[in-house]
Amino acid sequence: MNKKSVKDVTVKGKRVLVRADFNVPLDEQGQITDDTRIRASLPTIEYLVKEGARIILASHLGRPKGQVNAKYSLAPVAKRLSERLGQNVALVQDCIGEAAQKAAEKLQDGQVLLLENVRFHKEEEKNDPEFAREMASLADIFVNDAFGTAHRAHASTEGVTHYIPAVAGLLMQKEVEFMGNALERPERPFVAIIGGAKVSDKIGVIENLLDKVNALIIGGGMANTFLKAQGYKVGKSLLEEDKLGLAKQLIEKAKSKGVALELPIDVVAAKEFAAEASHRIAALSDIQDDEMALDIGPASAERFSTIISSAQTVVWNGPMGVFEMDAFAKGTERVAKAVADCKGTTIVGGGDSVAAVEKTGVAERMTHISTGGGASLEFLEGKVLPGVAALQDA
Ligand code: ADP
Ligand code: MG
């Protein structure tokens, strides 16, 4: 990575403001239902504890829209962090102001403090310079470990970097290195698998990847628009009529670049979008007017798996079907297993894709699972993430 990391600076006795991504899912009772993001932040925090830094953690949680709202308090996170770290993590009621200043000043080497939700202030998402300056004044160094929010230029991700030296945390470094290496220096064959609901969500990703990959596999709802562009009837399937021209262009672009564009060769078709809907395997030429394609078929899954098995680099974003319903999850599961079996570097990004990989039980067998949905998508689009760009160059 061409940015400095927390290991490139002296942190002993320094107050270090760490922007983490503690945006964890909570149930109705305010209990954390999945603490993956908290666990992902531990390497950086534990490193700083060991080095004797004075650690001030900041994060957002949910969308409180600039208002203090107990529902979005980081209190459950403070509790879980205390358990995971084996030391007390006190929660300060506000991320700026006197209470935060006092708490920061009292910190001893190796102690950890958590500031309350930065989005309780509307200035956070506006990247207000005065608000950012106040937050930065709590610390000597800024460490950004919130990859999941790196695609947003907010006060706690970008604003603070104008006031104190800013470096990457270990999670941020890992994310940027894995995805950056895959995109810039891939071992070949490099195969990308793109799926999900709509072409329009992933145009930028497909265009960027067409310049880099050897093969591009397209599945999910978006495949219908490509199939229709090739002249197949797709019945009631999810279809973006206004993207047919674009799909044709992308098919041409792939051809001219020598990229193998792989579309489904069969589908799982149903008459209703429902978990209990009766369904059948249909050839592309046999999708009826009252049917919709809700998954790739077994022949497609086999073909995609064969391509994946010979890859040295795989990047996957977007499920192959409506994996939330068991009847239409098989294509995604088969692809997930193929990616897990692949001997090369395998990277999965995207909220639903990660959920699908976890549901299939193969998450541990991937080289890297990105913690950032939107951020990983923008990374795959080749965009510069403002939260990364703002860090000191190595
Ligand atoms: P990610 O979060 O991994 O980036 P997306 O959000 O782009 O993925 O897409 C996931 C959604 O796409 C899922 O909710 C899934 O049900 C839907 N989907 C996949 N295939 C189809 C299909 N054939 N028809 C309708 N929806 C689909
Ligand atoms: Mg999604």
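Rules and cut-offs
Residues numbered from 1 in each chain as written. Chains lettered and ligands numbered in written order. Predicted model: local features only at pLDDT ≥ 70, side-chain atom pairs only at ≥ 80, totals over all residues. Heavy atoms only, no water. 1 Å grid on protein atoms, 1.4 Å probe; cavity = no way out; pocket = protein on both sides within 12 Å on 5 of 7 lines; lining within 4 Å. Points joined across faces, edges and corners; volume = space filled by probe spheres on them. Helix = DSSP H or I, 4+ residues; strand = E, 2+ residues; numbered from the N terminus. Nonpolar A, V, L, I, M, F, W, Y, C, P; charged D, E, K, R; others polar. Pairing = 2+ DSSP bridges. Buried < 20%, exposed > 50% of the residue type's maximum accessible area, 1.4 Å probe, protein only. Near = heavy atom within 4 Å. Polar contact = N/O pair within 3.5 Å; in protein donor to acceptor, adjacent residues only side chain to side chain. Areas by Shrake-Rupley, 256 points an atom, 1.4 Å probe, with all protein chains shown as cover. Sits in = over half its atoms within 2 Å of the grid points. Contact = heavy atoms within 4.5 Å. Axes fitted to C-alpha atoms, helices over the stretch in contact; angles between N-to-C directions. Parallel < 35°, antiparallel > 145°, perpendicular 65-115°, else oblique. Expected span 1.5 Å × (residues − 1). Bend = angle between axes of the 7 residues up to and from the residue. Domains from an automatic or database assignment. Buried area = accessible area lost by both parts, 1.4 Å probe. Salt bridge = Lys/Arg side-chain N within 4 Å of Asp/Glu carboxyl O.

**Topic: the layout of surface pockets**
And step 1. Taken as a whole, the largest pocket encloses approximately 980 Å³ of empty space.
And step 2. Take the lining of the largest pocket: its biggest share by element is five residues, from helix H1 (residues 36–50).
And step 3. Partitioned by chemical class, the residues of the lining of the largest pocket number 10 nonpolar, 17 polar and 11 charged.
And step 4. Considered as a void within the structure, the second largest pocket measures approximately 570 Å³ in volume.
And step 5. Lining the second largest pocket are 34 residues; nearest its centre among them are Gly196, Ala197, Gly221, Pro319 and Gly321.
And step 6. Of all elements in the fold, only helix H7 (199–210), helix H8 (222–229), strand S12 (292–296), helix H12 (351–360) and helix H13 (373–380) reach the threshold of two or more residues within the lining of the second largest pocket.
And step 7. Ranked by the residues each element gives to the lining of the second largest pocket, the list is headed by S12, at five residues.
And step 8. For the lining of the second largest pocket, a count of residues per class yields 16 nonpolar, 13 polar and five charged.

**Some details on the sheet that holds strand S15 (residues 368–369)**
And step 1. Taking strand neighbours across the sheet as the criterion, the six strands line up as S9-S8-S7-S13-S14-S15 in an open arrangement whose pairing is parallel. Two strands bound the open sheet, and with one partner strand each, they are strand S9 (260–262) and S15.

**Considerations on the pairing of strand S4 (residues 112–115)**
And step 1. The alternating pattern of S4 places Val112 and Leu114 on one face and Leu113 and Leu115 on the opposite face, and all of these are buried.
And step 2. Taken together, the three bridges between strand S2 (residues 54–58) and S4 define a ladder with parallel strand orientation. Bridge pairing in S4 places Ile56 opposite Leu113.

**Some words on the site of ligand 1**
And step 1. Near ligand 1 there are 18 residues, and of these Lys202, Gly221, Glu324, Asp352 and Ser353 occur at the shortest range.
And step 2. Contact between ligand 1 and Gly351: an oxygen atom at 3.4 Å from a main-chain N or O atom of the residue.
And step 3. Taking 580 Å² as the accessible area of ligand 1 by itself, protein coverage stands at 84%.
And step 4. Given that more than half its atoms are within 2 Å of the pocket grid, ligand 1 belongs to the second largest pocket.
And step 5. Taken together, the elements giving at least two residues each to the shell around ligand 1 come down to S12 and H12.

**Details of the environment of Ile32**
And step 1. Locating Ile32 in the fold gives a position in the loop between strand S1 (15–19) and H1.
And step 2. The class of Ile32 is buried, set by a relative accessible area of 13%.
And step 3. For the pair Ile32 and Val77, spaced 45 residues apart in sequence, the C-alpha separation works out to 7.9 Å.
And step 4. Setting aside residues up to four positions removed in sequence, Ile32 forms contacts with Val24, Pro25, Leu26, Ile38, Pro76, Val77 and Arg80.

**Observations concerning the sheet that holds S2**
And step 1. Taken in spatial order, the six strands of this open sheet run S3-S4-S2-S1-S5-S6, and their pairing is parallel. A single partner strand is all that each edge strand has here, and the edge strands are strand S3 (89–92) and strand S6 (166–168). Between one strand and the next, the sheet's axes are offset by a mean angle of 25°, whatever the strand orientation.
And step 2. Where S3 meets S4, four bridges bridge the pair, whose relative direction is parallel. Residue pairing in the sheet places Val92 in a bridge with Leu115 of S4.

**Concerning the side chain of Ser376**
And step 1. Along the chain, Ser376 turns up in helix H13.
And step 2. With a relative accessible area of 0%, Ser376 lands in the buried category.

**With respect to the packing of H8 against helix H9 (residues 244–257)**
And step 1. One way to put it is that H8 packs onto H9 with a least axis distance of 8 Å and a crossing angle of 80°. As far as their axial angle goes, H9 and H8 are roughly perpendicular. Taken together, the residues of H9 that come into contact with H8 (itself represented by Thr225, Phe226, Lys228 and Ala229) are Leu244, Ala247, Lys248, Leu250 and Ile251.
And step 2. In the contact of H8 with H9, the residues fall into six nonpolar, one polar and two charged.

**What to know about H1**
And step 1. For H1, spanning 15 residues, the distance from its first C-alpha to its last is 22 Å, which sits close to the expected 21 Å at 1.5 Å a residue.
And step 2. At Leu42, H1 is bent by approximately 40°, the largest bend along its length, and proline Pro43 sits one to four residues beyond.
And step 3. For H1, every residue scored as buried is listed here: Ile38, Ala40, Ser41, Leu42, Thr44, Ile45, Tyr47 and Leu48.
And step 4. Contacts from the buried residues of H1 go to S1, S2, helix H2 (75–85), S4, strand S5 (141–144) and helix H6 (170–184).
And step 5. In the stretch just after H1, Gly52 is the one whose phi turns positive, near 80°.

**Considerations on the environment of Asp21**
And step 1. In this structure, Asp21 sits in the loop between S1 and H1.
And step 2. Distance from Asp21 to Phe147, taken between C-alpha atoms, is 7.3 Å for residues 126 residues apart in sequence.
And step 3. The contact partners of Asp21, leaving out residues within four places of it in the chain, are Arg37, Ser59, His60, Ala146, Gly148 and Thr149.
And step 4. There is a polar contact of 3.1 Å between the side chain of Asp21 and the backbone nitrogen of Asn23.
And step 5. Among the polar contacts listed, one links the side chain of Asp21 to the side chain of Arg37, at a separation of 3.4 Å.

**Brief notes about the domain arrangement of the chain**
And step 1. Each assigned domain of the chain is listed with its residue range as follows: domain 1 (6–170) and domain 2 (177–381).
And step 2. On a C-alpha basis, the centroid separation for the pair domain 1 and domain 2 is 36 Å.
And step 3. Opposite the six residues of domain 1 that make contact, domain 2 presents nine residues.
And step 4. Summing both partners gives a buried area of about 600 Å² for domain 1 against domain 2, and 63% of it is carried by carbon and sulfur.
And step 5. Among the residues domain 1 hides against domain 2, the three largest losses belong to Arg37, Phe147 and His151. Together they make up 73% of the total.
And step 6. The partner of Arg152 in a salt bridge is Glu378, and the shortest N-O contact between them spans 4.0 Å.
And step 7. For the pair domain 1 and domain 2, the number of links is one residue pair in polar contact (both at pLDDT 80 or more).
And step 8. When grouped by side-chain class, the residues that make up the side of domain 1 that touches domain 2 number two nonpolar, two polar and two charged.

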